[in-house]
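Coordinate analysis (summary)
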Amino acid sequence: MHKLGRGHRDKVQQFMTITGASEKIALQALKASDWHLEGAFDVFYNQPHIKSYTDTRYLEELYNRYKDPYTDMILADGITLLCNDLQVDPQDIVMLVLSWHMKAATMCEYSKQEFFIGLQALGIDSLEKFRERISFMRAELKDEQKFREIYNFAFGWAKEKGQKSLALDTAIGMWQLLFAEKQWPLVDHWCQFLQARHNKAISRDTWSQLLEFARTVDPALSNYDAEGAWPYLIDEFVEYLNENGIIQNGEVSD
Amino acid sequence: MGQMVRYEDDFEADMLEDTGAYYSRKASSWIEDDSCPDYMLKSEECLKKERDRVSHYLHSSSETKLLEKVQHELLVMYANRLLEKEHSGCRALLRDDKLEDLSRMYRLYCKIPRGLDPVANIFKQHITAEGTALVEQAEDAASNQASNAPGVQEQDLISKIIKLHNKYIVYVTRCFQNHTLFHKKVPHELLVMYANRLLEKEHSGCRALLRDDKLEDLSSKYWLYCKIPQGLDPVANIFKQHITAEGTALVEQAEDAASNQASNAPGVQEQVLIRKIIELHDKYMEYVTRCFQNHTLFHKALKEAFEVFCNKTVSGSSSAELLATFCDNILKKGGSEKLSDEAIEETLEKVVKLFAYISDKDLFAEFYRKKLARRLLFDRSANDDHERSILTKLKEQCGGQFTSKMEGMVTDLTLARENQASFEDYLRNNPAAHPGIDLTVTVLTTGFWPSYKSFDLNLPAEMVKCVEVFKGFYETETKHRKLTWIYSLGTCHINGKFEEKTIELIVSTYQAAVLLLFNASDRLSYSEIMAQLNLTHDDLVRLLHSLACAKYKILSKEPNTKTISQSDYFEFNSKFTDKLRRIKIPLPPVDERKKVVEDVDKDRRYAIDAAIVRIMKSRKVLGHQQLVSECVEQLSRMFKPDIKAIKKRMEDLITRDYLERDKDNPNLFRYLA
């Protein structure tokens, strides 16, 4: 550190603070990006082998804190503890984002591998860093592409193991969570419609197409193509909106 | 490049300008004084002279530019004034049949871009005016005239219109060189428009003739209008609308009558309806052959009309069901139709023709099959030949696959008779094996017959022996076949030893099982009967009702109410008697309609799945719209698939990983091998 110029020293400091990486990693990344801070961040977050250098000892420690006493997995209690530590509500959407980073197979449990993958991807090896990464994870939801990935990931994660479809109640819960972020004005009507008329599980196709519907069709349905390839449930939803006068003359009324 | 510059810049440009100015002056005075033909003659002359000048004095490259200039000044600038000249303009020329002048007009204006548009417009307006005048003349004459020659004016008018048409076709060829602009303006539309006015006349138009069955007059109309290009289209349209209206009215009548009627004759109105529809079809088919010379346009109109009202529902029954019931009535013994063999054949032919108009053909097949099964198994079929005959006709229409199961059913019965003969031989040769009761067994091939639920009925001991004996016999005949007994289809003849006299009762096997219980006990409760026979509540209630609360009370019930309840007690009614020695105790059948509709819906789902997979397998990638329309087309032979149903099946196939949506375009689907 002493051999570096003052400007460079500052950058190393900044880098370490923001990413939580060690000095050695900071130096590597900054050198690789010719001492441009932004570039260094890209380098850091895109190169897994640098991250695997992240002290796995600390990850072990963290994992052991949350792991279930009888199984080699983190289960509900462990997750609750984690949420407490992070000062985050277990229902908070940030937990979904975390699970996405972990590529978790199913909700309410994390395998050791998933835990490690996730924390390494986020560059976390301590609780402090973990807490710091929370705002980053929240910000990721604003990115259109990432939101879509997280949304589609949520289907597989929220459904029961071995089932092909997602139970309606769980789906509704997830939708309300996700669309609170995305601000889709029809989400409540959608959930009401499903409870009144559908009452069955949701297929993956319907799930993913709903996002496209929310993204591309305006809430007054003016650009909805009835001859299009929308899943039939969405067609029925449109009929429901029209029948109940929720959409009239291209206006959304309540 | 360099060679003509001096010529163009220093000489040609000025020459053109001066020429323009010269002709502009000339034109402005000519247009005032000259008639249109004269003006045109002069223009033509000028153009000719200029052309000559170029060839004598100027460079050839100037020709186009020069002529364009002259044209512009003489013809373009004054086009409107010229054409619209009151006594000699385009209209006047048309009016006075000045073909020469019109030809010149064409020659002059065809070289100018869009120059012919105003001429063509005037041409069209002129013809329209002349045609309208003819029609009005004819209408006046007709209203003034005595009504005993109503068609004459019309005939006269049509021939005048055709003459008009021909006259102007000559103009188009001679003056206007067959230019497309003029062809379009002429007559098809005009003629059809006038034809419509005549056809739609309230008291003498086409509708009136159809209403009053004036076949001769309709025939004349046909001959008249077939001369006009596309003149028959409106006639065919009116024909179709008329039939549709009549057919729909019949259906509505039947619906009303059925709902008003007492419920003790259900189905009668529906049968009457089918008869009436057949008659309607015969009637209008005659029109097509006699009045409309079997023209395809009218065959098509008839077909489309029937397709509209032949697919309507009447008091909850689909047309497919009505038609199947109608067939059942003709084919069963003691059916409501008492007809000779010939009449039956004829009626069956007509039924098959109607069948072609029904879109839910698969539904008809299923209802037909169910009713066929009852006819065959309860020995109600009047005539085997008729059964086979209608199947042959249906096969001709729809292909072998449609009728294969039904044909299998009829064959099974024939085989069953042979089998029964062998069984009786077997019993004669093994007297010890004889169960002591006369037994007839019909073996059905599972795939052909409708599916029947089999229940674990606790058979009375006597019947158990029968079953065992037959099983023994059957195993000597064939190996590797499993017999499943369907007792609900069986019939039993039982002797009821009543106090007054013994009466032979013809009952179903289930009913017999109930009655035989009373050989062992005098009095049984509902629950006891239930426990002994192992039946469901629904079935047991039906059975006991038929024996204790219906026309013939073989059992007496305590309390003596009209319905069965689970706390009732039953006794053999020894006091029962009837004047006949043999009576049939009917067991009302369960309503099959719901089940049939469910079964057909299920089959349709499979059919749609298969169609989608077949299409996607060969096309690999296909857009949504196209997939849906190809699917509909493939399935149209058997039924009209609902778009929603197709969508649902597609989504199911996506879940089962047969298909996927394209990543970038959700309207595109890919086949997943």
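An unreviewed UniProt entry lists chain B under the name Cullin-1 isoform X7, with Durio zibethinus as the source organism. For chain B, the Sequence similarities (unreviewed entry) comment in UniProt is given as "Belongs to the cullin family."

If you look chain A up in an unreviewed UniProt entry, it shows as Defective in cullin neddylation protein from Durio zibethinus. The Function (unreviewed entry) field of the UniProt record for chain A holds the comment "Neddylation of cullins play an essential role in the regulation of SCF-type complexes activity."

At the junction of the two partners, chain A supplies 14 residues and chain B supplies 14 residues. In terms of surface lost to chain B, no three residues of chain A exceed Asp205, Ala229 and Tyr232 of chain A, which account for 45% of the buried area on that side. Taken together, the connections running from chain A to chain B amount to five salt bridges. For Asp235 of chain A, the salt bridge goes to Lys647 of chain B, with nearest N and O atoms at 2.3 Å. Seen at the junction of chain A and chain B, the total is ten residue pairs in polar contact (both at pLDDT 80 or more). Of all the secondary-structure elements, those providing two or more residues to the side of chain A that touches chain B are α13 (204-216) and α14 (232-243) of chain A. Ranked by the residues each element gives to the side of chain A that touches chain B, the list is headed by α14 of chain A, at four residues. Taken together, the residues that form the side of chain A that touches chain B break down as four nonpolar, four polar and six charged.

Here the focus is the packing of helix α11 (residues 168-182) of chain A against helix α12 (residues 187-198) of chain A. All names here are of chain A. As a packed pair, α11 and α12 sit with axes 10 Å apart at the nearest point and diverge in direction by 175°. Relative to α12, α11 is oriented roughly antiparallel. Where α11 approaches α12, its residues Leu168, Ile172, Trp175, Gln176 and Phe179 are matched on the opposing element by Val187, Asp188, Trp190, Cys191, Leu194 and Gln195. The residue makeup of the contact of α11 with α12, split by class, is eight nonpolar, two polar and one charged.

On to the nonpolar core. Judged by nonpolar contacts, the single largest core of 76 residues is most densely connected at Phe239, Phe306, Phe364 and Tyr368 of chain B. Once residues lying within four places of it in the same chain are set aside, the contact partners of Phe364 of chain B are Ala320, Leu323, Ala324, Cys327, Phe355, Leu394 and Phe402 of chain B. Ile93, Leu98, Phe153 and Trp184 of chain A belong to the second-largest nonpolar core, a separate cluster that totals 71 residues.

Another aspect to go through is the pattern of salt bridges. Where charged atoms from two side chains of opposite charge come close, those side chains can pair. All names here are of chain B. Overall, the coordinates contain 62 salt bridges over all chains when judged by the stated rule. Taking the shortest distance from any N to any O, the salt bridge between Glu12 and Lys65 comes out at 3.0 Å. Of this pair, Glu12 sits in helix α1 (residues 5-33) while Lys65 sits in helix α3 (residues 62-76), placing them 53 residues apart in sequence. A salt bridge links Glu345 to Lys393; the shortest N-O distance between them is 3.2 Å. Note that Glu345 is positioned in helix α17 (residues 341-355) and Lys393 in helix α19 (residues 384-398), a separation of 48 residues in sequence. Under the relative-accessibility criterion, Glu345 is labelled partly exposed at 27%. Judged by its relative accessible area of 14%, Lys393 is buried.

Quick look at the side chain of Ser33 of chain A now. All names here are of chain A. Considering the arrangement of structural elements, one finds Ser33 in the loop between α2 (23-32) and α3 (37-46). Judged by relative accessible area, which is 10%, Ser33 ranks as buried. Excluding its chain neighbours within four sequence positions, the residues that come into contact with Ser33 are Gly39, Ala40 and Val43.

Moving on to the packing of aromatic side chains. Throughout the structure, instances matching the rule amount to 51 aromatic pairs over all chains. Summarising the aromatic geometry, the rings of Trp485 of chain B and Tyr487 of chain B are spaced 6.4 Å apart at their centres and angled 15° between planes, so their arrangement reads as stacked. Residue classification places Trp485 of chain B among the partly exposed positions, given a relative accessible area of 21%. Over the ring of Tyr58 of chain A we find Arg57 of chain A, and its NZ or CZ is 5.9 Å from the ring centre.

Parameters at a glance
Residues numbered from 1 in each chain as written. Chains lettered and ligands numbered in written order. Predicted model: local features only at pLDDT ≥ 70, side-chain atom pairs only at ≥ 80, totals over all residues. Heavy atoms only, no water. UniProt positions renumbered as here; feature names shortened; annotations may be inferred. Contact = heavy atoms within 4.5 Å. Buried area = accessible area lost by both parts, 1.4 Å probe. Salt bridge = Lys/Arg side-chain N within 4 Å of Asp/Glu carboxyl O. Polar contact = N/O pair within 3.5 Å; in protein donor to acceptor, adjacent residues only side chain to side chain. Helix = DSSP H or I, 4+ residues; strand = E, 2+ residues; numbered from the N terminus. Nonpolar A, V, L, I, M, F, W, Y, C, P; charged D, E, K, R; others polar. Axes fitted to C-alpha atoms, helices over the stretch in contact; angles between N-to-C directions. Parallel < 35°, antiparallel > 145°, perpendicular 65-115°, else oblique. Core = buried A, V, L, I, M, F, W, Y, C linked by side-chain atoms within 4.5 Å. Buried < 20%, exposed > 50% of the residue type's maximum accessible area, 1.4 Å probe, protein only. Phe/Tyr/Trp six-rings, centres within 6.5 Å; stacked < 30°, edge-to-face > 60°. Lys NZ or Arg CZ within 6 Å of the ring centre and 35° of its normal.

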